[in-house]
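Summary of structural features
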Amino acid sequence: MKFRITPLNIASAFLIVLAGYIWIYGASITGSQYESWSGTIVWIFLLFAFVVAFLDITFRNFFKEIRTLWTIELSFIALVIILLLLVK
């Protein structure tokens, strides 16, 4: 079985590393500590990582070629970023 690295695979790994960092060092926003919220933030990032990994598996089942898969996943990430900026 061949392991293929994809953008959503990298994103889920980043979210897991970020959750681990927050779990170890805690969350601080603009200098003030949110120690009581660190556990909640960790669980949210882990949930996002699970959802992104599930989407990666779903896209892998639909698109077999790695080039098409990269194009679709990068387009999906760009769409999510644009939607977040519009909502913000």
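What counts and how
- Residues numbered from 1 in each chain as written.
- Predicted model: local features only at pLDDT ≥ 70, side-chain atom pairs only at ≥ 80, totals over all residues.
- Heavy atoms only, no water.
- 1 Å grid on protein atoms, 1.4 Å probe; cavity = no way out; pocket = protein on both sides within 12 Å on 5 of 7 lines; lining within 4 Å.
- Points joined across faces, edges and corners; volume = space filled by probe spheres on them.
- Helix = DSSP H or I, 4+ residues; strand = E, 2+ residues; numbered from the N terminus.
- Nonpolar A, V, L, I, M, F, W, Y, C, P; charged D, E, K, R; others polar.
- Core = buried A, V, L, I, M, F, W, Y, C linked by side-chain atoms within 4.5 Å.
- Buried < 20%, exposed > 50% of the residue type's maximum accessible area, 1.4 Å probe, protein only.
- Contact = heavy atoms within 4.5 Å.
- Polar contact = N/O pair within 3.5 Å; in protein donor to acceptor, adjacent residues only side chain to side chain.
- Patch = residues over 30% accessible without salt bridge, like charges linked within 9 Å, V, L, I, M, F, W, Y side chains within 5 Å.
- Areas by Shrake-Rupley, 256 points an atom, 1.4 Å probe, with all protein chains shown as cover.
- Salt bridge = Lys/Arg side-chain N within 4 Å of Asp/Glu carboxyl O.
- UniProt positions renumbered as here; feature names shortened; annotations may be inferred.
- Axes fitted to C-alpha atoms, helices over the stretch in contact; angles between N-to-C directions.
- Parallel < 35°, antiparallel > 145°, perpendicular 65-115°, else oblique.
- Left-handed = near helix turned anticlockwise from the far one by under 90°.
- pLDDT = per-residue confidence, 0-100.
- Phe/Tyr/Trp six-rings, centres within 6.5 Å; stacked < 30°, edge-to-face > 60°.

The computed volume of the largest pocket comes to approximately 380 Å³. Ala 11, Leu 15, Val 52, Val 80 and Leu 84 are the residues nearest the centre of the largest pocket, which is lined by 15 residues in total. Of all elements in the fold, only helix 1 (7–25), helix 2 (38–62) and helix 3 (66–87) reach the threshold of two or more residues within the lining of the largest pocket. Along the lines of polarity and charge, the residues of the lining of the largest pocket split into 15 nonpolar, no polar and no charged.

What follows is about the nonpolar core. Judged by nonpolar contacts, Leu 8, Leu 15, Ala 19, Ile 22, Ala 27, Val 42, Phe 45, Ala 49, Val 52, Phe 59 and Leu 69 together constitute the single largest core of 11 residues. If near-sequence neighbours (up to four positions away) are discounted, Ala 19 is found in contact with Val 42, Phe 45 and Leu 46.

Secondary-structure assignment places Ser 12 in helix 1. A residue is classified by how much of its surface remains accessible, and Ser 12, at 8% relative accessible area, is buried. Reaching out from Ser 12, the side chain makes a polar contact with the backbone oxygen of Asn 9 at a distance of 2.9 Å. Residues contacting Ser 12, with those up to four places away along its chain left out, are Ala 49, Val 52 and Ala 53.

For the rest of this paragraph, the subject is a nonpolar patch on the surface. A cluster of nonpolar side chains, namely Phe 3, Ile 5, Ile 10, Ile 66, Trp 70 and Leu 74, defines an oily patch on the protein surface of about 590 Å² accessible area. Per-element tally for the nonpolar patch: the top contributor is helix 3, with 3 residues. Leu 74 sits in the partly exposed class, given a relative accessible area of 44%.

What follows deals with the UniProt feature "transmembrane region" (unreviewed entry) in the protein chain. Here, UniProt's "transmembrane region" (unreviewed entry) annotation points to residues 7–25, 37–57 and 69–87. The span residues 7–25 is 100% helix and 0% strand, and its two end C-alpha atoms sit 27 Å from each other. End C-alpha to end C-alpha, residues 37–57 measures 30 Å, and it is 95% helix and 0% strand.

Let us now look at the packing of helix 1 against helix 2. Helix 2 packs onto helix 1 with a crossing angle of 165° between their chain directions and a minimal axis gap of 8 Å. Here helix 1 lies roughly antiparallel to helix 2, going by the angle between them. As helix 1 runs across helix 2, the sense of the crossing is left-handed. Grouping the constituent residues of the contact of helix 1 with helix 2 by class yields 18 nonpolar, 3 polar and 2 charged.

Before going further, it helps to spend a moment on the confidence of the model for the protein chain. Chain-level statistics for the protein chain give a pLDDT mean of 87 and a share of 91% at 70 or above. By mean pLDDT, the top-scoring element of the protein chain is helix 3 (93), and the lowest-scoring one is strand 2 (residues 32–33) (62).

Here we take up the packing of aromatic side chains. All told, the structure shown has 3 aromatic pairs when counted by the stated rule. On the numbers, 4.8 Å between centres and 45° between planes, the contact of Tyr 21 with Tyr 25 is tilted. Placement of both Tyr 21 and Tyr 25 in helix 1 is noted, with a separation of 4 residues, approximately one turn of the helix. With a relative accessible area of 47%, Tyr 21 lands in the partly exposed category. A relative accessible area of 58% places Tyr 25 in the exposed class. Pairing Phe 59 with Phe 63 gives two aromatic rings, centres 6.4 Å apart and planes at 45°, and the pair type is tilted. Among the aromatic side chains, those forming a connected cluster through ring pairs are Phe 59, Phe 63 and Phe 76.

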